[in-house]
Amino acid sequence: TSGFPGDDCYSATTLNFLFYYQTAEAMQLTLVATVFAAREHVSGPIATDAGVPRWQRLSALQERAQELAKAALAPEAKVAITETLIPVVKEQIEGEILKEFKTTQDLLTAKVQDLASTTAAAKAAKAHADQEDGQLVLCRTEEREEVVTSEKCAVDREQAILAKTGSCDAAKAGAEGACALRDEAATVALTKVCTPTSCDIDRDPTCGLDLMATSVEGLQAEARAKTQHHAAMSQNCSSWTTKALEDCEQAEKYEAEDECAESRATVTTKKTTCTTRGSNADIAKCTFGAKLQDKCLNLDEITGLIAMIKGQNRTDTFSESDRQHEWDATQRLLCLLGALRDEGDLSQEAAGECAAKTPYPKEFDYQEAEIAELLAGENFSCLESSVSFSGFKWITGPTAADYSKIADKPAVKVAQGRAPFQFCPGLVESEENVALAQQGENTPADPSFIGCFKDTADRDLPHQLKQHGTMTTETEARALCSVMGFKYAGIQFHGEVWCGNEYGKHGKTDGCACGQEQIGAHKQCVYATQGMPVKQTQVNFLGCFEDKAERDLPVKSKTVGIMATGAQAMALCAASGFTYAGIQHTGEVWCGDKYGSYGPKSDCDCSSATDIAAWRNCIYTEVKEETVVDSTFFFGTELPKQHTGILDGGAGFKDHDNGLTYGWNCDGCSRVDYSGGRRGLDRAGGLGLNHFDRDNTCMTDGWFFSDYKPVNWEVQVPNGDYHVTVNFGDESVDSTQRYHSGCQVEGQPACASGSPCVYDEVVTVLDGRFTVTGFGHDSRECHSLSSVTIKHA
């Protein structure tokens, strides 16, 4: 048996033999011939009818067993036949039923775990969105306060300008009046002094001189008074004129200075800040909406799977009821065979009583409590029609009077294929996009795109080439199916790729989120592979190796069904960035960056077009042109001063534009990014450095020394001898921080505890990669790498 979930093949059978027996009976074979026939046919492949459920086939087998019981066979023949068949039925048919139970239970458990993960992601995104929205509301509150302050400043300034302008105008009017009085006082009309033209000295001996003297004195007094009055009016005119000049100058200066400019600038700055916060809040809300849609898609998948598990008379392997019927039928068959062997009661009643002694041994866990908990309270039920974040939003405008704080609970769409909120970018809820969604064509114009089609357990495109887990582009899907010679490629769920030469047997549908990370459940975006260039990959065969449930090559790229060549398998794995490809069983392709965990084997049939072997991998790798490496690599944030070489960016092991293949891996897994551990030229004596896993992600489940996995930096080189100089960077700062303990070069200790550590030796590379090894930052072991120089010896 293959040991792979979902396989419908056996290494032994009852059905072929029982059908065969009628012919044997008719031919009156001898006991020896009968036993030989039994053993011969038990070892062959089972005869299956994919259109008939297994429990019906088992019922047919019971009837055949009854017919066998009626045959005139010697007791020895019956014993030989039944003792051969009973272990087969137990091991193969019972075993498959239990294996399907476990596979289905594990599938539901995995999907519930996915639901827990997406629930946690949605809750975390919601908390972040709540925080961002709360900060936005606070920002808008402060913005309104700044607008109020600015408007008050403007009002106060206008009033001040009016007051100062009024003072200016009043002073000018006062000056004008005072100066008019001054001018009026400048003109003096004096009283005339009259002198006699004749006099009678007899009568007036002084001839009027004493009277004239009196008049002159009066005139002088009058002149002095009017002169003093003019002087006073002149002083008053001057004072008013000075005041008018000062008041008007102050008014002009105050208006020119604009003391509210700073307040207006503060408002502008605050509005810009709040606009940015608004964008951040929208992004956070839309991110939450996408995470919520991911969770609800998981829930839809679980609901659909449970419906299939609780269904009856299905053609797939999910129905628990069908499994129980099949188990009962299998026990009846075993009881009939046992009775036939022991010459016991062969009646259906006896078989039923016998079968009841071995009831179905499993109880399916639908994980209802776990699912209910993941849908309760703040975990989101996927029945939400609206969601509250901070609970409020501000309506804004140019004036403070335009601002108003209102309750806010925006509508949400939990189904994928539509924007979760109206303000989210991408799938805007316009009539045009809604129409496109209904047509199942949410993608840019693409001549290879055919449309959105339904899918069921009876697959529209029957051959799966890529498991779900990562987003798949249209180009990648077409390339994968093209490699295997198929006309059409389909992308569904979370990146699954299915291939075939016909499509559309379940009809078109709508709502495919083509080009998105999550396409949708039970639907797929279908593309034509015509015109897609097929990469011609040359491969090296590395041998036959054992595999186990914990896979040697961990990523499954293609399921059973069609046997891939070594070149096709390597093309599939290389398209996903893997170094090695393994073919096993009836066409499965597994990918990884290292192999041989369970050692070599010699029983693979790697040239077989039907079945290589169970739990065996035929391993291949791509033939690459050998690149001569004679370089110095640095690992900081920039190249050191007065040095030339290659600056490593902290990426996983991969091909680079400079023609070299190098980078990091966690215990062989190159899907890592250690760029965050790089440090500048103030470290490692001016060379800079990168940490072996600064964030301690390369670990097993524990948190002790033994739980840190090895972290490697490698460069691909032709096998041979190399002179290498490896600088491991920082010195230990105290006896507890053994920064260089555990450092390795090509698997050998590089230096003892202490510092500094510069390894300068000739090494021999035998596996095509020069390797330097350290451990996670907090392991207190070898924790950094500064430079590597490698040259042919």
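None of the values given here were measured: they were computed from a predicted structure.

Draft legend 1. Spotlight on helix H11 (residues 474-483). Within H11, eight of the 10 residues are buried, which leaves it mostly tucked inside the rest of the structure. Within the span of H11, buried status applies to Glu474, Glu476, Ala477, Arg478, Leu480, Cys481, Ser482 and Val483. Positive backbone phi, at 85 degrees, marks glycine 485, one or two positions downstream of H11.

Draft legend 2. Geometry of the confidence of the model for the protein. The pLDDT averaged across the protein works out to 79; a share of 81% of its residues lies at or above 70. Per-residue pLDDT stays below 50 along residues 1-51; that stretch engages in 87 contacts with residues further than four places along the chain or on separate chains. Under a pLDDT of 50 for its full length, residues 733-737 has, in the predicted model, three contacts with residues more than four places off or in other chains.

Draft legend 3. Examining the pattern of salt bridges more closely. Tallying each qualifying case throughout the model produces 23 salt bridges. Salt-bridge contacts for aspartate 458 lead to lysine 505; the nearest nitrogen and oxygen are separated by 3.1 Å. Placement of aspartate 458 in the loop between strand E3 (449-454) and strand E4 (463-466) and of lysine 505 in the loop between strand E6 (496-500) and strand E7 (523-528) is noted, with a sequence separation of 47 residues between them. In this structure, glutamate 638 and lysine 641 form a salt bridge, with 3.9 Å as the shortest nitrogen-oxygen distance. One connected set of salt bridges, linked through shared partners, spans Arg157, Asp258 and Arg264.

Draft legend 4. Region of the structure containing the sheet that holds E7. With antiparallel pairing, five strands are arranged side by side in an open sheet as E3-E7-E5-E6-E4. Of all the strands in the sheet, just E3 and E4 have a single pairing partner and so form its edges. Each neighbouring strand pair of the sheet contributes to a mean axis angle of 30 degrees, computed without reference to strand direction. Along the sheet, H11 contacts E4, strand E5 (488-492), E6 and E7; its crossing angle with E5, the most-contacted strand, is approximately 135 degrees.

Draft legend 5. Just the state of the cysteines, in detail. All chains considered together, the criterion is met by 15 disulfides. Each disulfide pairs two cysteine sulfurs, and for cysteine 514 the partner residue is cysteine 525, the sulfurs being separated by 2.0 Å. Across the disulfide from cysteine 514 to cysteine 525, rotation about the S-S bond amounts to roughly -100 degrees, and the bridge is consequently left-handed. Taken together, the residues span a long stretch of sequence, with cysteine 514 in the loop between E6 and E7 and cysteine 525 in strand E7 at a distance of 11 residues.

Draft legend 6. Spatial organisation of the nonpolar core. Within the largest apolar cluster, 46 residues are counted, with the highest numbers of intra-cluster contacts made by Leu108, Phe288, Leu292, Ile302 and Ile371. Mapped by element, the contributors of at least two residues to this core are helix H4 (75-185), helix H6 (261-310), helix H7 (320-342) and helix H9 (368-375). When residues no more than four places from it in sequence are discounted, the contact partners of phenylalanine 288 are Ala122, Ala125, Lys126, Ala129, Phe380, Val387, Phe389 and Phe421. Judged by nonpolar contacts, the second largest core, of 35 residues, contains Cys481, Ala569, Cys573 and Cys591.

Draft legend 7. A look at the sheet that holds strand E17 (residues 678-679). In space, the three strands of this open sheet follow the order E17-E18-E25, with antiparallel pairing throughout. Of all the strands in the sheet, the pair left with one neighbour each is E17 and strand E25 (784-785).

Draft legend 8. Quick look at a negative patch on the surface. A contiguous patch of negative charge on the surface is contributed by Glu158, Glu246, Glu249, Glu252 and Glu255. Broken down by element, the residue count for the negative patch peaks at four residues, all from helix H5 (residues 209-257). Here glutamate 246 shows up in helix H5. Residue classification places glutamate 246 among the partly exposed positions, given a relative accessible area of 45%.

Draft legend 9. Quick peek at the packing of aromatic side chains. Here the structure, examined in full by the defined rule, presents 22 aromatic pairs. A centroid spacing of 6.4 Å and a plane angle of 75 degrees characterise the contact between phenylalanine 101 and tyrosine 360, whose relative ring orientation is edge-to-face. Taken together, the residues phenylalanine 101 in helix H4 and tyrosine 360 in the loop between helix H8 (348-356) and H9 connect sequence positions 259 residues apart. For the residue pair phenylalanine 101 and tyrosine 360, the accessibility class agrees, reading buried in each case. A ring pair is formed by phenylalanine 545 and tyrosine 595, whose centres lie 5.1 Å apart and whose planes are at 80 degrees; its orientation type is edge-to-face. Note that phenylalanine 545 is positioned in strand E8 (residues 539-546) and tyrosine 595 in the loop between strand E11 (588-592) and strand E12 (616-622), a separation of 50 residues in sequence. Taking relative accessible area as the criterion, phenylalanine 545 reaches 11% and is therefore assigned buried. On the basis of relative accessibility, which here comes to 29%, the residue tyrosine 595 falls in the partly exposed class. Against the face of tyrosine 366 rests lysine 310, its NZ or CZ located 4.8 Å from the ring centre.

About the criteria used
Residues numbered from 1 in each chain as written. Predicted model: local features only at pLDDT ≥ 70, side-chain atom pairs only at ≥ 80, totals over all residues. Heavy atoms only, no water. Buried < 20%, exposed > 50% of the residue type's maximum accessible area, 1.4 Å probe, protein only. Helix = DSSP H or I, 4+ residues; strand = E, 2+ residues; numbered from the N terminus. pLDDT = per-residue confidence, 0-100. Contact = heavy atoms within 4.5 Å. Salt bridge = Lys/Arg side-chain N within 4 Å of Asp/Glu carboxyl O. Pairing = 2+ DSSP bridges. Axes fitted to C-alpha atoms, helices over the stretch in contact; angles between N-to-C directions. Disulfide = S-S within 2.5 Å. Core = buried A, V, L, I, M, F, W, Y, C linked by side-chain atoms within 4.5 Å. Patch = residues over 30% accessible without salt bridge, like charges linked within 9 Å, V, L, I, M, F, W, Y side chains within 5 Å. Areas by Shrake-Rupley, 256 points an atom, 1.4 Å probe, with all protein chains shown as cover. Lys, Arg positive; Asp, Glu negative; His and termini not counted. Charge placed at Lys NZ, Arg CZ, Asp CG, Glu CD. Phe/Tyr/Trp six-rings, centres within 6.5 Å; stacked < 30°, edge-to-face > 60°. Lys NZ or Arg CZ within 6 Å of the ring centre and 35° of its normal.

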